[in-house]
Every structure is written in structure tokens, then in C-alpha cells.
Amino acid sequence: MTRLDAARLSTVPAGEVDSAVEKPLALSIRGLSKVFPGTQALRDVDLDVRYGEVHALCGGNGCGKSTLIKMLSGSGPADRGTVTINGKQLDAANIDAQTSYDLGFRVVHQDPPLYPDLSVAENIALAARYPRTRLGRIAWAGVRQRAEELIERYGIQASPGTLVRDLPVSVRTQVAIAAALQDVDSGRCVVALDEPTAALPAAEVQVLLGAMRQLAALGHAIIFVSHRLDEVLAVTDRVTVMRDGRVFKDHRTEKLTEAELIESIVGRTAEELRPQRSAAPLGEEVLSVSGLAAGPVREATFEIRAGEVVGVAGLLGSGRSELLSAICGGLRKERGEVRVKGQPVDFDRIDQAIRTGVVMIPEDRPRAGAFLDMTVDQNMDVSVLDRYWRGLGFARKRMRVDAAKLRAQFGVKAPSGSVPMRTLSGGNQQKAILARWLRRDEASVLLLDEPTQGVDVGARSDIYALVRKATAAGAAAVVVTSDLEELAQFVDRALVLRNGRIVASVPREELTAHRLNELVHMKSGGKND
Ligand SMILES: Nc1ncnc2c1ncn2[C@@H]1O[C@H](COP(=O)(O)OP(=O)(O)OP(=O)(O)O)[C@@H](O)[C@H]1O
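Residues numbered from 1 in each chain as written. Predicted model: local features only at pLDDT ≥ 70, side-chain atom pairs only at ≥ 80, totals over all residues. Heavy atoms only, no water.

Some remarks on the sheet that holds strand S11 (residues 285-294)
- Judged by pairing direction, the sheet is antiparallel, and its four strands sit side by side in the order S12-S11-S14-S15 without closing on themselves. Whereas interior strands pair on both sides, the edge strands pair on one side only; in this sheet they are strand S12 (297-305) and strand S15 (343-345). Within this sheet the neighbouring strands show an average axis-to-axis angle of 20°, counted without direction.
- By the bridge criterion, five bridges tie S11 to strand S14 (residues 335-340) in an arrangement that is antiparallel. If you follow Ser-288 over to S14, its bridge partner there is Arg-339.
- Contacts from helix H11 (residues 320-328) reach S11, S12 and S14, with the element oriented near 110° to S11. (Pairing = 2+ DSSP bridges. Helix = DSSP H or I, 4+ residues; strand = E, 2+ residues; numbered from the N terminus. Axes fitted to C-alpha atoms, helices over the stretch in contact; angles between N-to-C directions. Contact = heavy atoms within 4.5 Å.)

Regarding the domain arrangement of the chain
- Here the chain is described as being made up of domain 1 (1-104 + 188-200 + 211-273), domain 2 (113-187), domain 3 (274-357 + 443-529) and domain 4 (372-439).
- One C-alpha centre belongs to domain 3, the other to domain 4; they are set 27 Å apart.
- The partner domain 4 presents eight residues to the twelve residues of domain 3 that form the contact.
- Taken as a group, Ile-354, Ile-463 and Leu-466 account for 40% of the area that domain 3 buries against domain 4, more than any other trio of residues on that side.
- Between Asp-456 and Lys-431 there is a salt bridge, with the nearest N and O atoms lying 3.9 Å from each other.
- Counting the contacts that link domain 3 with domain 4 gives one residue pair in polar contact (both at pLDDT 80 or more).
- Sorting elements by how many residues they give to the side of domain 3 that touches domain 4 places helix H18 (residues 457-472) first, with five residues.
- Looking at the side of domain 3 that touches domain 4, its residues break down into eight nonpolar, two polar and two charged. (Domains from an automatic or database assignment. Buried area = accessible area lost by both parts, 1.4 Å probe. Salt bridge = Lys/Arg side-chain N within 4 Å of Asp/Glu carboxyl O. Polar contact = N/O pair within 3.5 Å; in protein donor to acceptor, adjacent residues only side chain to side chain. Nonpolar A, V, L, I, M, F, W, Y, C, P; charged D, E, K, R; others polar.)

With respect to the environment of Leu-324
- Structurally, Leu-324 can be placed in helix H11.
- Overall, the relative accessible area of 0% leaves Leu-324 in the buried class.
- If sequence neighbours within four positions are ignored, Leu-324 has contacts with Met-360, Leu-447, Leu-448, Asp-449, Val-478 and Val-480. (Buried < 20%, exposed > 50% of the residue type's maximum accessible area, 1.4 Å probe, protein only.)

Re the site of the ligand
- Among the 21 residues in the neighbourhood of the ligand, the closest are listed as Lys-65, Ser-66, Thr-67, Ser-425 and Gly-427.
- Backbone polar atom of Gly-64 to an oxygen atom of the ligand: 3.0 Å apart, as the coordinates give it.
- Burial of the ligand by the protein chains amounts to 88% of its free accessible area of 640 Å².
- In the shell around the ligand, the residues fall into four nonpolar, 14 polar and three charged.
- Split by domain, the shell around the ligand shows at least three residues from each of two domains, domain 1 (1-104 + 188-200 + 211-273) and domain 4 (372-439). (Near = heavy atom within 4 Å. Areas by Shrake-Rupley, 256 points an atom, 1.4 Å probe, with all protein chains shown as cover.)

Points about the environment of Val-345
- You can see Val-345 is positioned in strand S15.
- Taking the C-alpha atoms as reference points, Val-345 and Thr-356, eleven residues apart in sequence, are found 8.8 Å from one another.
- In contact with Val-345, not counting residues within four places along its chain, are Lys-333, Val-338, Val-340 and Thr-356.

Some details on the sheet that holds strand S8 (residues 221-225)
- A sheet is described by the order of its strands in space; here six strands give the open sequence S6-S7-S8-S3-S9-S10, paired in mixed fashion. The sheet is open, and its two borders are formed by strand S6 (105-108) and strand S10 (246-252), each paired with just one other strand. Ignoring which end each strand starts from, the neighbouring axes of this sheet average 20° apart.
- Inspection of the sheet shows strand S3 (residues 54-59) paired to S8 by four bridges, in the parallel sense. By the bridge assignment for S8, Leu-57 is matched with Val-225.
- Sheet strands in contact with helix H2 (residues 65-73) are S3, S6, strand S7 (190-194), S8 and strand S9 (238-243), and its direction is about 140° off that of S6.
- Sheet strands touched by helix H9 (residues 258-266): S3, S9 and S10. Its angle to S9, the strand with the most contacts, is close to 30°.

Here you go:
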């Protein structure tokens, strides 16, 4: 296990938690159902979650995990069912946000609603109640002190006065978690974390999972939603797998292997999902980067050939995302040269890059990529509108047929292509954005930043297969991912970035997650420098 070290997560590791004796129930759900227009998101869900345990909710994109948590937190009425939280039974159709909070249910959603123009301390204070002076004024010293304590407890790399908009995605997520958990030290709570680790680098994942086990050891019940199965196996006591809005299976983690969990989620074996690498010889040089300096990136030099998929491994702050941005004009370069198929290019804007066949899929897709009020099909069509223009209007029927095929190919789960993007689950939005760019078969360079973040284990291997299809047709791809296991399995070669510099190029024969992990963490002066 490379990303995680279960033994380091806690004094009370998963699986050793009093497995002989059933702990008392913190949350009990019976017959929970919810229909959205065109979709039955939850069907008669029964679920028991116990105090002192971390309980994973797993399942494919769109199977209902987030909806289940939203119904419990009172962010939307369920159609029917009963929910017992901390001993109090409620009709699921009547749960409102205040009742849920008062009963001790806490939640951190996938895309936490923080205020970007307020400081970390203010966001934390807003999430609960501002401490007051005896005169009823806000006690700013108290606000700051509380933030300092939480920052220390959760190892957050920010100070109380930092504006949230100046924080990287990972640190924002940590602030949201700290804000949700700020008053759970006392009393028994049910804390639901909806993919809290999806955007976190490995070191912070360890910290957060460790904090989850600590919370369980204090007696709270933790619901953990994640597509990262190594995390699920390392930190949880039980796993409930959902399929199509139903509970498919309950597992005890101590008796579960990764292969069994994959099969339970996807219905295919782990072997069937293993990404295939190409054995075809590489073609012409497609992308050449020499002496590139931009933002934190220093003197980056490398070439990629047609048919090749090159990975970039590096810690957060190593310059991995900036390297991709600098190639496609998202970040102004200070020095150096980029060539596409031998021609020097110097993009000021991303749309110029797209016209030259260089496509970038950014990491923070909900903000940078998805048009939430447009339909799913419109989101996928924006990259190829010129293809359908017939002089007097668009060839709409053709567009609809092609978009439907694309949805099927990328496994985008939606009742139709004409529903708004915001009604799709997080992972299905990701797949639609990937479909938007990967459908451009004229793309010669694909720059993919965390392409599988938030995507379920089955779809992950499908996405790799689609990238391979593009490279087999003559494109070259650069993939940044913090999942080193995935990188080692999928790419042909990996560049390792440290402090903005490429410090190693690891060929396919030597690619293992362990080796990459060593290289990304090596101190300056190591033998690969
Ligand atoms: N407000 C809404 N309107 C219409 N449909 C919705 C709405 N919210 C969710 N859905 C649908 O309900 C189903 C379940 O979505 P949900 O977000 O719960 O999935 P999920 O298991 O959390 O997926 P992911 O792993 O991708 O986050 C999906 O088909 C989704 O499109």
C-alpha cells in the first residue's frame, strides 16, 4: 500500500476495533427512498452505522451516496423512510437542517460551500456560531484562537487570517472539515465526509484519515465516502456498497480484500479493470519542451512522441499543474521553448492552444470546466461546435445522436442529455468534461490534470482506455495524478518533479508506485538530482 500506511493512521487501527462485540447504533436508516425527475436516486435503503466506527459508503458514480447524505443532513426532503439518529427516530420526509444538526449529524460535502473572500477564521466561525463578548459583540480574539486550535489539530497549512480564495483546493477542503468538526469534541456525533480526500495530496490524506480514526476512537460514528479503495481498506471498520440507489452489500473491512471490494462495486474483476499499456512502437515527436520556466517550474526539458503517455509525479506545490498550464498558455512562461509537431508555439490563451490541437483538462473541474446551468449535452458539445455548423444553423439531430453515443461511451449517467449539468453526480460531471475534450480526435497533445479524481473505480479504467485510444491515433498525453499506484500502472514513463524541477525520468521497466513515492519525497541532493 503506497498512498497509505494503515499502521500509521491511528492508535486504534481499522479491523482491531472490538470486532467481537457489536457497538451500539448511532444511525439507523430504514426504507429511505428519493426520486428526482427522471432518476430514482435512492430505493428502500437500510443502513446501520455504529458509534466508534468508520463506515465507508462505496459505489459507482451516481449510485446515490451523496443523495443519502443530503437526505440525512436535511438538505432536501426524502420521499419516505425512517431515520434514527442518536436514539431519536424521525420521518425521513421531515428532516430539516436544524433538526439534523441538533441531533448531532455533521457533514462535509464534495464541494464545500466556503466563502472565498473571507478568512479561514471567519469561515470556521460562520460554520458554527461566532463567539460573543459579554456585551454581545463578536469576540474576534476568540474567533482567531478557535481557528488556531483547529489549524493545529488538523495540521492545516494556513493561518487564521489567510483568505480562503488564496488557498489550494486541498487546504480549502481541510478548512471545511475543521469547520464541520469544530464542536464535535464533546458528545457523540455522526460525521459524514463526502469524498474529503479526493483533492488531497498523500501526506494530507494520512493526516485526515488519522483524524477520522481519532474521532471514532472518541466514540463518534464516521461515514466516509471515497472512491479511493486503499483509503477505504486502511481506515474503515465496515463498508456498504451501493448500486443504482440500493444497498448492494455490507462488508466487514477486516474480512475484505481490494479485489473483492472492486468486484462488489463494479461487478467486474480487478483483472478486467487493469489498464492496458500499448506495445506499439512510438511515432514522431509531438511535444517538445525545453528550458521552460513559468511560476514555480524551472528549466523543464522533455519530449513526448505520438502514442506515448507520460506521467508527472510530484507533491502538491512541486509545480506539476503549473507545468501543464505553462504548456497550454494558462500560465505565462518566462523562458524556454515549447514545440508542437516541430513548430514553436507561444500561447497567450488556452483557446489558441486548443486550435493548435493542445487540449488541457484542468484539475478543479467544477470551477474551471463545467457549465452547471447548461445541459449535459451542451457541456460536451462546446469543444466541437464548428463540426456541426451548416451555414444556417447547427445539425441538431446529428449532434443529439453523437452526444448520446458519447454519454454511453464515457458512462455518463443521466436521465437524458437535456438535463442541467448541476443535476449530475460529481463523478458524472467529471466524465462529461473528459468526454468534451477527448472527443476532439484532432487533438495532438492531451494535458490531463488528475483525470480520475472523483471517478469510480470502474470508470477509471475506461478513461485510461479512452486516453490510449487517442494516443494510438497519434496523440501524446501528459497525465498528472497524485495516485502513484495508478500512474505506475498506466503511463509509459514518468517525470518526477521536485521544487519545480524535473529530477528524474523513470522508464516503464522501472515504474512502481514505491519507486515514484521514494523519488517524489527525496530530499534535494539525492542521487537522482
Ligand atoms: N438535484 C437533482 N436533480 C436531479 N437528479 C439528481 C439531483 N441530485 C442527484 N441527482 C441524481 O441522483 C443520482 C444519485 O446522485 P448522487 O450525487 O447521490 O451520486 P453519488 O453516488 O454521490 O455519485 P458520485 O460518486 O459521482 O459523487 C444521480 O443519477 C444524479 O444524477
